[in-house]
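Structure at a glance
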Amino acid sequence: MQDTKQSGCMSRRKALKVLGTAGAVGALAQPAMAAEQVKAMDPVAEFFQSHFRDMTTEEKLETVARFERKYSKKFEKDVKVSAKDAIPGVKFVYMLDIGRCIGCKKCVYGCVEENNQSRPSDNSSQIQYIRVVKQEGDEPLDLDKADHYYEDDMVPQRPGTYIPIQCQQCDHPPCAQACPVQATWKDKGDGVVQIDYNWCIGCRFCMAACPYQARRFNWGEPHLPADDMNPDTHYLGNRPRMKGVVEKCHFCMQRTREGLYPACHEVCPTGVRKFGNILDPNSEVRQVMDRYKVFRLKEDLGTEPSFFYYSSTK
Amino acid sequence: MVRTSVMFLLVLLFAVAPMASAEEITYRDREIDPLTEECLDCHDGMTNTERRTLEDMHDEKVLKHGDGRIWCHDCHNADNGNMLLSTDERPVTWEKSDELCGKCHARIQEDFVLGIHTKWLGGWDKPKVSYQCVGCHNPHDPKFAQIKAEPVPLKNSGLRPNRFKKKEHKGESNAGH
């Protein structure tokens, strides 16, 4: 499966080279084209589009406009696709209080709704970016002992520690290093590790490289009912994905690059999730860092996550 | 002498600093029991500081707070028509109940003001709106109430769809025969 996918993609790249700018891409660039014609050429343009990171601002805007047309038609609503860059002078950091997390998993489902993940159905899998694991008892934290499938009906059940885990937005992301086509990379500004789903070849090397099991693969065509589709999207964030690409948490860039909190932060009933700009001395994340001992998961691997944990009860 | 007074000033400054920003906190709109407007109707001059089981009124208020170490008047102002809550003998409005809680939970209230032990709404780069202590804790029974957990993730989550389905079908047809 992997082989066909890859070779299919190679031929796409080759075709692009052969045709060069003189081909369909060149034709598209002609300004005098009627709107109808542009629409008709959309699938061709998508096939030949280059890596999002290499696009000029103009090309980016053209690209997202094309995807807006595509998704608006498919989901029969007005879909926005943003191409917004990181806000200058901002580095995002997440802090989570595992001393008080009650393990209700509201973050998991809030994330799914915000980020247009595939819902479970006959032909598609359930995709969730956040895993909440539970460790029974009062023992020191040990992820190997933690249970992803705990069945507590009413939470919290103490003694017990609940640990939500999502993409840690590493400063040295092993996933980005593993990607053979650089479809996933770390933003040099706010530090979000992002994915150009149209550039992803589905080889899943990044998934093998991630020590936090934060990445998900669309084995089937994602199941996203139009009613459930969130139309406020970002090209590198929560726009609808397709079969055969990898996805993961991106700190809700469609929200956070507009100054909002991520969806998981918004739905949490306990206030244990803290998000903000670590360069701002007045931010909540800085207050936590000043007052509590913070740690990161699997620190010894040198991945330098931007996701911190602390406990305000100790 | 000079040095000690400078030190004293510094200590004072630090002690006051969190309070100063507490003034700026905007609170989330919240439904407050309409009874809180009527306390004075009955409690104008009527107070009984004796610790007892209430029968004639408020009989549902059985304190599950502080293991019997605290009583109504540690929180409700006995001299102020019971309309206000008090910290350090200072009357506090219903809206500012975190200052009351800070009387006995000082470290947590400091965290509250800094946005740590609370939940802020709005946005990381937008004006902040805070929950109040009583938005998460019932002051008369403050243990964070248990809530229902969301569903357990499916076991084959993220894997190839239908991976386990075929087996199920087989099982069903076997059972039929």
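Residues numbered from 1 in each chain as written. Chains lettered and ligands numbered in written order. Predicted model: local features only at pLDDT ≥ 70, side-chain atom pairs only at ≥ 80, totals over all residues. Heavy atoms only, no water.

Looking only at helices and strands, one finds six helices and six strands in chain B. Helices and strands in chain B line up, N terminus first, as α-β-α-β-β-α-α-β-β-α-β-α. Per-residue burial for chain B yields a buried fraction of 25% across its 177 residues. Within chain B, contacts between residues at least 6 apart in sequence are counted, and of these 47% link residues at least 24 apart. Total accessible area on chain B is roughly 12,500 Å²; 57% of this is exposed by carbon and sulfur atoms. (Helix = DSSP H or I, 4+ residues; strand = E, 2+ residues; numbered from the N terminus. Buried < 20%, exposed > 50% of the residue type's maximum accessible area, 1.4 Å probe, protein only. Contact = heavy atoms within 4.5 Å. Areas by Shrake-Rupley, 256 points an atom, 1.4 Å probe, with all protein chains shown as cover.)

Sheet strands line up and pair through hydrogen bonds in the backbone, either parallel or antiparallel. All names here are of chain B. Taking strand neighbours across the sheet as the criterion, the three strands line up as E1-E5-E4 in an open arrangement whose pairing is mixed. Each of the sheet's edge strands pairs with one partner strand only, and the pair in question is strand E1 (26-27) and strand E4 (120-121). One ladder, built from two bridges, connects E4 with strand E5 (residues 129-130); its direction is antiparallel. Within E5, the position partnered with Leu121 by the bridge is Val129. (Pairing = 2+ DSSP bridges.)

Glancing now at the domain arrangement of chain A. Residues and elements named next belong to chain A. According to the domain assignment, chain A consists of domain 1 (2-80) and domain 2 (81-314). Taken together, the contact pairs 23 residues of domain 1 with 27 residues of domain 2. Roughly 2,400 Å² of surface becomes buried between domain 1 and domain 2 when both sides are summed, with 59% attributable to carbon and sulfur atoms. Among the residues domain 1 hides against domain 2, the three largest losses belong to His51, Phe52 and Phe75. Together they make up 24% of the total. For the pair domain 1 and domain 2, the number of links is one salt bridge. Residue Lys60 pairs with Asp85 through a salt bridge whose shortest N-O separation is 3.9 Å. In this assembly, domain 1 and domain 2 are joined by twelve residue pairs in polar contact (both at pLDDT 80 or more). For the side of domain 1 that touches domain 2, the secondary structure elements donating two or more residues are helix H1 (2-19) and helix H4 (57-75). (Domains from an automatic or database assignment. Buried area = accessible area lost by both parts, 1.4 Å probe. Salt bridge = Lys/Arg side-chain N within 4 Å of Asp/Glu carboxyl O. Polar contact = N/O pair within 3.5 Å; in protein donor to acceptor, adjacent residues only side chain to side chain.)

Before going further, it helps to spend a moment on the state of the cysteines. All names here are of chain A. What the rule picks out here adds up to zero disulfides over all chains. There is no disulfide at Cys111, and the cysteine sulfur nearest it, in Cys252, is 6.1 Å away. Distance from the sulfur of Cys167, which forms no disulfide, to the nearest cysteine sulfur (Cys249) is 5.5 Å. What makes Cys167 buried here is its relative accessible area of 7%. (Disulfide = S-S within 2.5 Å.)

Our focus in this paragraph is the pattern of salt bridges. Residues and elements named next belong to chain A. Enumeration over the complete set of coordinates arrives at 26 salt bridges over all chains. Note that Asp78 is salt-bridged to Lys80, the shortest N-O span being 3.6 Å. Of the charged contacts, one joins Arg241 and Glu247 as a salt bridge, the two residues approaching to 2.7 Å between their closest N and O atoms. Like Arg241, the residue Glu247 is buried in the burial classification. Linked through salt bridges whose partners overlap, the residues forming this network are Lys91, Asp171 and Lys186.

All names here are of chain A. Buried residues dominate strand E11 (residues 273-277), accounting for five of its five residues. Of the pairings in the sheet, the one linking strand E2 (residues 92-97) to E11 comprises five bridges and is antiparallel in character. By the bridge assignment for E11, Met95 is matched with Lys274.

Moving on, we come to unusual backbone geometry. With an omega of 0°, the peptide bond running from Val155 of chain A to Pro156 of chain A counts as cis. Topologically, Pro156 of chain A is positioned in the loop between strand E4 (154-155) and strand E5 (160-165). Here Arg158 of chain A and Pro159 of chain A are connected by a cis peptide whose omega angle stands at -5°. Structurally, Pro159 of chain A can be placed in the loop between E4 and E5. One non-glycine residue, Asp67 of chain B, lies in the positive phi region at around 50°. Position of Asp67 of chain B relative to the elements: it lies in the loop between helix H2 (39-43) and strand E2 (85-87). Among the residues examined, Asp67 of chain B registers a relative accessible area of 69% and is labelled exposed.

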